[in-house]
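# Fold and geometry: a report
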Amino acid sequence: MSRSRWETNLDDLCRRLEEYGRANGLAVPDPAPDAAKRLGDSIYLAHSTADAPFAAICASGWLASAERQAADHKRPLSPTRTEVAMGTEDSVFFYVAPFRYPNTGCGLLFAATLESAHRDDGAATPFDSGWLTKLRVRPHLAETVRGFLARHELPVPEHRRYLGMSMDILFEKPEDYVDCTEPRWPGPIGLTEGDQRRWTHEVRIPDRVFVRGSHLQAVFAPSARAAEDGPIGRLFEWCIENSVDHIDFDAPREDDFEGLRRECRAYIRRTLY
Amino acid sequence: MPSPHSVDDLEIVGYANVLSETMLPSVVPPVFRLKADPDRAFLPPYSFNAGFLCNATEVPASELDELRDAGEITLFGGVSPARREFELWVDQSFHWHYQSFDEARRELGRIASEAIKQATDALREGDLPRAERLAGVAISADDRRVEPLAIKAAVRRSRGNPLGERLMAELAARVAGEESFRILVDGYCAALPQSVPAAPRIDSKRPMHDVATIRPKAA
């Protein structure tokens, strides 16, 4: 799909949000207040995985799409995979948020500048595209899931305009988006079922993303992984050498993800608020 | 808000991580399913409260294979009944154990102590790869122990890897002061067959020390 279509989608979505706000008696400042705009413009892109796949990412130096990973391993992609069902198998996925993808213990944060470097080929959605396949009830029954996705694909980094507006209009306060506190209002998109995946912005970048580049903001891993004489430890050493933030943490009992999430939120508070 | 489920009503089908050999032993979060309705599975993040599993992410069991194939979870061949106050961990041979918190902690503590002893012996014999590997086992078993980090720092110093040594010092900062860690590393280095000179001391109070690592707050 073309960037001009994504721009049209963005204008349409921002207009719908304003109308939604007015219809529900919500304040609709234009432009968004400074706090929401600043947070919306600067919040990082997050990619997290389980431990062994993270070591593989550190070893290769790239985040790779499902399609590329399958090609590299010379194995076909399962047709039941969510990305295949959505036609997004050629993309690397990020949440524009703290780490939220479950079953993950290690992660990378990238600066918002990564989006600017992919203006022509990156796209965003104001929800988790994979989660659409899990919906029991779609907002528009006559529309296919892929059709719904296409109608909500937005240009990068301009999708942050809608993010800032929604942080201000739909949430009690902008920080609630970061803290994973549900918005007061569901908004104009029509997704009401499910968890934070229905309102967390997603960015997709085609094919692969270089890890050890200027856009890398911070690396997170449990202390035991960072101490390994292996790819994760070597990425931490590279971070020391290149003054890139690197955060190791004690994993709370049984739950690396909780440690990852906690450390990431604290990092965002330290660096963006 | 998802409804809580009594742990007594659940069974374990796997764990929500994928690990390689160098990451073991490791405590892992179980993947549960309902005994009475095996098609309902539960993934982290979740919490436990008074014998109930709370705020878990529910997925249909049919989705578990997809998550396994995507490298997100590991599934067992069979199932095991869930127990209150129990912990799941995977040993160095990829065998899983489901024990009470106390038992698991004791067993992992024993593995850590044994690995530290063997790593120290390997260091004295000059077998650096073995010392490094065993120190890794000790850290995986109990990441609150400072000795394996010091052993790894000594190995890295002896290999002329100051970045690796500095990383170990950073990781140890949670459990040991900078000076006591340096003394510990010096001690392990002195135990090497061909003693490695002590690293030049870096006074962290120097006015410009680490200034280059301070990053501006994003606008």
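Residues numbered from 1 in each chain as written. Chains lettered and ligands numbered in written order. Predicted model: local features only at pLDDT ≥ 70, side-chain atom pairs only at ≥ 80, totals over all residues.

### Section: the overall build of chain A
- In terms of regular secondary structure, chain A is built from 12 helices and 10 strands.
- Expected size for 273 residues packed as a compact globule is a radius of gyration near 19 Å; at 18 Å, chain A falls within 12% of this value.
- Per-residue burial over chain A gives 49% buried out of 273 residues. (Helix = DSSP H or I, 4+ residues; strand = E, 2+ residues; numbered from the N terminus. Rg over C-alpha atoms; globule rule 2.2 N^0.38 Å. Buried ≥ 20, exposed ≤ 12 C-beta atoms within 10 Å, placed from the backbone.)

### Remarks on the overall build of chain B
- Along its length, chain B carries 6 helices and 11 strands.
- Each of the 219 residues in chain B was classed as buried or not, and the buried ones make up 38%.
- In chain B, once contacts between residues fewer than 6 apart in sequence are set aside, the share between residues at least 24 apart is 54%. (Contact = placed C-beta atoms within 7 Å.)

### What about helix α3 (residues 128-141) of chain B?
- Between its first and last C-alpha, α3 of chain B extends 20 Å over 14 residues, near the 20 Å set by a 1.5 Å rise per residue.
- With respect to burial, α3 of chain B is a largely interior element, 10 of its 14 residues being buried.
- Among all positions of α3 of chain B, only Ala131, Glu132, Leu134, Ala135, Gly136, Val137, Ala138, Ile139, Ser140 and Ala141 of chain B are buried.
- Residues of α3 of chain B that are buried make contact with α10 (223-226) of chain A together with β3 (26-28), α2 (101-124) and α4 (147-158) of chain B. (Expected span 1.5 Å × (residues − 1).)

### Comments concerning unusual backbone geometry
- Note the cis peptide between Leu24 of chain B and Pro25 of chain B, where omega equals 0°.
- Positionally, Pro25 of chain B belongs in the loop between β2 (10-15) and β3.
- Residue Pro44 of chain B is joined to Pro45 of chain B through a cis peptide bond whose omega torsion reads 0°.
- Here the phi dihedral of Asp207 of chain A falls at roughly 70°; this positive angle occurs in a residue that is not glycine.
- Its 14 C-beta neighbours within 10 Å are what place Asp207 of chain A among the partly exposed residues.

### Topic: the interface of chain B and chain A
- Facing the 40 residues of chain B at the interface are 37 residues of chain A.
- Secondary structure elements with two or more residues in the side of chain B that touches chain A: α1 (62-69), α3, α4 and α5 (162-172) of chain B.
- It is α5 of chain B that contributes the most residues to the side of chain B that touches chain A, 6 residues altogether.
- For the side of chain B that touches chain A, the residue count by class is 21 nonpolar, 9 polar and 10 charged. (Nonpolar A, V, L, I, M, F, W, Y, C, P; charged D, E, K, R; others polar.)

### Some thoughts on the domain arrangement of chain B
Residues and elements named next belong to chain B.
- Each assigned domain of chain B is listed here: domain 1 (9-94) and domain 2 (109-191).
- Averaged C-alpha coordinates put domain 1 and domain 2 at centres separated by 32 Å.
- Of the residues contributing to the side of domain 1 that touches domain 2, the split by class is 3 nonpolar, 3 polar and no charged. (Domains from an automatic or database assignment.)

### Things to note about the sheet that holds strand β6 (residues 47-49) of chain B
All names here are of chain B.
- Read from one edge of the open sheet, 3 strands run β1-β7-β6, paired in antiparallel fashion. A strand with exactly one partner marks an edge of an open sheet, and here the two such strands are β1 (5-6) and β6.
- As paired elements, β6 and strand β7 (residues 52-54) share 3 bridges and run antiparallel to each other. Within β7, the position partnered with Ser47 by the bridge is Cys54. (Pairing = 2+ DSSP bridges.)

### Concerning the packing of α4 of chain B against helix α6 (residues 178-191) of chain B
Residue and element names in this part refer to chain B.
- As a packed pair, α4 and α6 sit with axes 8 Å apart at the nearest point and diverge in direction by 60°. Taken together, α4 and α6 sit at an angle that is classed as oblique. Regarding α4 and α6, the two cross each other, and that crossing is right-handed. For the pair α4 and α6, the contacting residues are Ala150, Ile151, Ala153, Ala154, Arg157 and Ser158 in the first and Phe181, Leu184, Val185, Tyr188 and Cys189 in the second.
- Split into classes, the residues belonging to the contact of α4 with α6 amount to 9 nonpolar, 1 polar and 1 charged. (Axes fitted to C-alpha atoms, helices over the stretch in contact; angles between N-to-C directions. Parallel < 35°, antiparallel > 145°, perpendicular 65-115°, else oblique. Left-handed = near helix turned anticlockwise from the far one by under 90°.)

### Some thoughts on helix α8 (residues 159-169) of chain A
- Within α8 of chain A, 11 of the 11 residues are buried, leaving the element largely enclosed by the surrounding structure.
- Residues of α8 of chain A that are buried sit in contact with α1 (3-23), α2 (34-42), β5 (123-125), β6 (154-155) and α9 (175-179) of chain A.

### Points about the nonpolar core
All names here are of chain B.
- With 118 residues, the main nonpolar core has Ala119 and Ala138 as its most contacted residues.
- Among the elements that line this core, the one with the most residues is α2, at 9 residues.
- If we skip the residues at most four places from it in the chain, Ala138 touches Ala112, Ala115, Ile116, Ala119, Arg145 and Pro148. (Core = buried A, V, L, I, M, F, W, Y, C linked by C-beta atoms within 7 Å.)

### Quick notes on the confidence of the model for chain B
Residues and elements named next belong to chain B.
- Scored by pLDDT, chain B has a mean of 89; 88% of the residues are at 70 or more.
- Contacts of residues 202-211 to residues separated by more than four positions or lying in other chains number 2 contacts, the stretch itself having pLDDT below 50.
- Interface confidence in the predicted complex, given as ipTM, is 0.87; pTM for the same model is 0.90. (pLDDT = per-residue confidence, 0-100.)

### So, the pairing of strand β5 (residues 40-43) of chain B
Residues and elements named next belong to chain B.
- Pairing geometry for strand β4 (residues 30-34) and β5, over 2 bridges, is antiparallel. By the bridge assignment for β5, Phe32 is matched with Phe42.
- Hairpin connection between β4 and β5: a loop of 5 residues separates the two successive antiparallel strands.
- Direction of pairing for β5 relative to strand β8 (residues 57-60): antiparallel, over a ladder of 4 bridges.

### Details of the packing of α3 of chain B against α4 of chain B
All names here are of chain B.
- Interhelical geometry of α3 versus α4 gives an angle of 155° and a closest axis separation of 8 Å. Comparing the axis directions of α3 and α4 gives the class roughly antiparallel. Relative to α4, α3 is oriented so that their crossing is left-handed. Note on element contacts: α4 touches α3 through Pro148, Leu149, Ile151, Lys152, Val155 and Ser158, opposite Leu128, Ala131, Glu132, Ala135, Ala138 and Ile139.
- Its residues assigned to classes, the contact of α3 with α4 shows 9 nonpolar, 1 polar and 2 charged.

### Structural notes on the sheet that holds strand β11 (residues 96-100) of chain B
Residue and element names in this part refer to chain B.
- Taken in spatial order, the 3 strands line up as β3-β10-β11 in an open sheet, and their pairing is antiparallel. Single-partner strands in this sheet number two, and they are β3 and β11. For this sheet the average axis-to-axis angle between neighbouring strands, irrespective of direction, equals 40°.
- Of the pairings in the sheet, the one linking β3 to strand β10 (residues 86-90) comprises 3 bridges and is antiparallel in character. Residue Val28 lies in a different strand from β10, and its bridge partner there is Leu88.
- Here α2 sits on the sheet and contacts β10 and β11; the angle it forms with β11, its principal contact strand, is near 125°.

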